[in-house]
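Commentary on secondary and tertiary structure
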Amino acid sequence: MMLFFCCPASAADRLIPITDDRGVTVEVPVTPQSVAAVSYLAVDVGLALGVAPRHFAVTYMTKGRNPDFLLGLTREMKLLGQRAKPNLELVSEAKPDLIVAMKRYTIGNAASYEAIAPYLAYNMERYDESFREVSALARIFGQPERGEALNASFKRHLADYVAKAPKNVHPRFAIMWGGDTPFAFHTENTAASIVAALGGDNIVGPMTHGERFGMEMSLEAMLEKDPEVIFIYDSGPDRPQENNPIWSQLSAVQNGRVHYVGDQWVETNGPIAREVVLREAAHFLYPGTFPAVNVRAEAAKIIPAALQK
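Definitions and cut-offs
Here, residues in each chain are numbered from 1, in the same order as that chain's written sequence. It should be noted that, the model being predicted, local features are given only for residues of pLDDT at least 70 and side-chain atom pairs only at 80 or more, the latter also being counted only at that level, while totals for whole chains, interfaces and linings use all residues. By convention in this description, side-chain values take in all heavy atoms of the structure and omit both hydrogens and water. Elements are defined by DSSP. Helices are runs of H or I of four residues or more, strands are runs of E of two residues or more, and each kind is numbered from the N terminus. This radius of gyration counts C-alpha atoms alone. The globule rule is 2.2 Å times how many residues there are, raised to the power 0.38. It only takes one pair of heavy atoms within 4.5 Å for two residues to be counted as in contact. Values of accessible area rely on a 1.4 Å probe in the Shrake-Rupley scheme; residue burial ignores everything except the protein chains shown. Exposure is judged per residue with a 1.4 Å probe applied to protein chains only, and the accessible area is read against the type maximum: over 50% gives exposed, under 20% gives buried, and values in between give partly exposed. Between any two strands, pairing holds if DSSP finds at least two bridges. The axes are straight lines fitted to the C-alpha atoms, using for helices just the contacting stretch, and the angles between their N-to-C directions are given from 0 to 180°. Points on a 1 Å grid, built from protein atoms alone, make a cavity when a 1.4 Å probe fits but cannot get out and make a pocket when they are open with protein on both sides within 12 Å along at least 5 of 7 lines; residues with an atom within 4 Å of a point are the lining residues. Grid points are joined across faces, edges and corners, and a volume is the space filled by probe spheres set on the points. The nonpolar class holds Ala, Val, Leu, Ile, Met, Phe, Trp, Tyr, Cys and Pro. Asp, Glu, Lys and Arg form the charged class, and all remaining residues, Gly among them, are polar. You can read pLDDT as the predictor saying how much it trusts each residue, on a scale of 0 to 100. Nonpolar cores are built from buried Ala, Val, Leu, Ile, Met, Phe, Trp, Tyr and Cys residues. Side-chain atoms within 4.5 Å join them into one set. The length a helix should cover is 1.5 Å for every residue beyond the first. Taking the helix axis as origin, the arc is that swept by the directions to the C-beta atoms. If an angle is under 35 degrees, it is roughly parallel; if it is over 145, roughly antiparallel; if it lies from 65 to 115, roughly perpendicular; otherwise it is oblique. Crossing handedness is defined as follows: a turn of the near helix away from the far one that is anticlockwise and smaller than a right angle gives a left-handed crossing, while the clockwise case is right-handed. For a crossover, the right-handed case is the one in which the path from the first strand over the helix to the second runs clockwise, viewed with the strands pointing away from the viewer.

**A look at the overall build of the chain**
Of the regular secondary structure elements, the chain holds 11 helices and 13 strands. A compact globule built from 309 residues would reach a C-alpha radius of gyration of about 19 Å, and the chain, at 19 Å, matches this within 12%. Partitioning the contacts of the chain with sequence separation of at least 6, the portion at a separation of at least 24 is 65%. When the accessible surface of the chain is summed, it comes to about 13100 Å², and 51% of that surface belongs to carbon and sulfur atoms.

Below, the structure is given as structure tokens:
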């Protein structure tokens, strides 16, 4: 269903209360005319619901790249800087009716964001948060039933893939940002949860004692765990971990099972990203069982045709 914003929302009768991950309840406009998104989550949900790209301003993960899992539609949006360092001046210039932001990158400037527009801060990191975030944003975009349907369909698709995956096979894996000391994701992270649900064994393990969603992991420590499949966020041509002689000793490297993956593996909490990651993960874990994935083709199944220009 295509969602059109044909006229301004009335602040008097078009506000709903939404509680974000700060525990703050914010009165936000239904079907906002302009959304500033610090991370791709709001854009991911909006495009899945048929919200036109012109209604968004957005941060980027890697400069100059318009993600395939969003069909490159971010090229039509005003940019607000890199997601870890959003430009408040650009956010203000976008004149948003609503700001939907990654909590850890914006909480320190919450008052400044709140002075611009109603501000929602979400963690956008964990699998159990994804469904709540999609539901809340679908309510804001005026399509709560569609949001619930997107959540339900993903759970069905995951169950279908799990049923078809080889049994008693648990490839050791790691999902990480590259670097001299890589940063690897705990199992609660959304992408890692999907891979683990398919039967993968995350070498980093679960979060403990209130840890972050991931941790630095030296290549020496990684070699002790020796992942059979490695997923690395492809942030550009610099791959310093490959210069370490330990890298070539890893089973995943020796067997050609290192996969440089796109933005959806870091920004996984939206309905488009998590569907794409599910299909990619299934293929990378079990290439003999599941086919290779065309990211844009999978995204095109979810984003309404009217937006695919």
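**Things to note about unusual backbone geometry**
Generally, phi is negative for residues other than glycine and the peptide bonds are trans, each holding for most cases. At M124, a residue that is not glycine, the phi angle is positive and equals roughly 60°. Following the sequence through the fold, M124 ends up in the loop between β7 (119-122) and α5 (127-140). Judged by its relative accessible area of 3%, M124 is buried. We note that D226 has phi near 50°; this positive angle belongs to a residue other than glycine. Looking at the secondary structure, you find D226 in the loop between α8 (219-225) and β12 (229-233).

**Some words on the environment of M215**
In this structure, M215 sits in strand β11 (residues 214-216). Under the relative-accessibility criterion, M215 is labelled partly exposed at 31%. As for M215 and Y260, which are separated by 45 residues in sequence, their C-alpha atoms are 19 Å apart. Ignoring any residue separated from it by four or fewer positions in sequence, one finds M215 in contact with P182, F183, A184, H186 and V204.

**Details of the environment of E220**
Along the chain, E220 falls in helix α8. Taking the C-alpha atoms as reference points, E220 and T181, separated by 39 residues in sequence, lie 9.6 Å from one another.

**Here's the deal with the sheet that holds strand β3 (residues 35-38)**
Spatial strand order, β5-β4-β3-β6-β7: 5 strands in an open sheet with parallel pairing. Two strands in the sheet have a free side with no partner beyond their single neighbour: β5 (78-82) and β7. In this sheet, adjacent strand axes meet at a mean angle of 15° when their direction is disregarded. Strand direction decides the pairing type here: strand β4 (residues 56-60) and β5, joined by 3 bridges, are parallel.

**Focus: empty space enclosed by the protein**
Taken as a whole, this structure holds 2 cavities of 30 Å³ or more when the rule is applied. Size it by volume and the largest cavity reaches roughly 60 Å³. Around the largest cavity, the lining residues are R83, M102, R104, M124, E125, W177, F185, N189, F213, W265 and V266. Residue classes in the lining of the largest cavity are distributed as 7 nonpolar, 1 polar and 3 charged. Its residues assigned to classes, the lining of the second largest cavity shows 4 nonpolar, 2 polar and 2 charged.

**Some points on the confidence of the model for the chain**
With 95% of its residues at a pLDDT of 70 or more, the chain shows a mean pLDDT of 93. Segment residues 1-12: pLDDT under 50, and 24 contacts once partners within four positions in sequence are set aside and those in other chains are kept.

**Comments concerning the nonpolar core**
Grouped together as the largest cluster of nonpolar side chains are 77 residues, with contacts concentrated most on I175, F231, W265 and I272. Discounting chain neighbours no more than four positions away, the residues touching F231 are F173, A174, I175, M176, V195, H259, V261, W265 and F284.

**Re helix α6 (residues 144-164)**
The first and last C-alpha atoms of α6 sit 31 Å apart over 21 residues, in line with the 30 Å expected at 1.5 Å per residue. Taken residue by residue, α6 has G147, L150, N151, S153, F154, L158 and Y161 as its buried positions. Along the axis of α6, the buried positions cluster into a sector of 165°, meaning they face one direction only. Away from the buried face of α6 by more than 90 degrees, exposed residues E145, A163 and K164 are located. On its buried side, α6 packs onto α1 (41-49), α5, α7 (190-197) and α10 (271-285).

**What to know about the packing of α1 against α5**
The geometry of α1 relative to α5 is characterised by a closest axis approach of 10 Å and an angle of 60° between their N-to-C directions. The orientation of α1 relative to α5 falls into the category oblique. As for how α1 packs across α5, the hand of that crossing is right-handed. Two secondary-structure elements touch here, α1 through L41, A42, V45 and L49 and α5 through E133, V134, L137 and A138. Classifying every residue of the contact of α1 with α5 by side-chain character gives 7 nonpolar, no polar and 1 charged.

**A word on the pairing of β4**
Across the 5 residues of β4, 5 count as buried, placing the element largely inside the fold. Neither face of β4 is exposed, since F56, V58 and Y60 on one face and A57 and T59 on the opposite face are all buried. Bridge count between β3 and β4: 3 bridges; the pairing is parallel. Residue pairing across strands places V35 opposite F56, the latter belonging to β4. Crossover connection from β3 via α1 to parallel β4: handedness right-handed.

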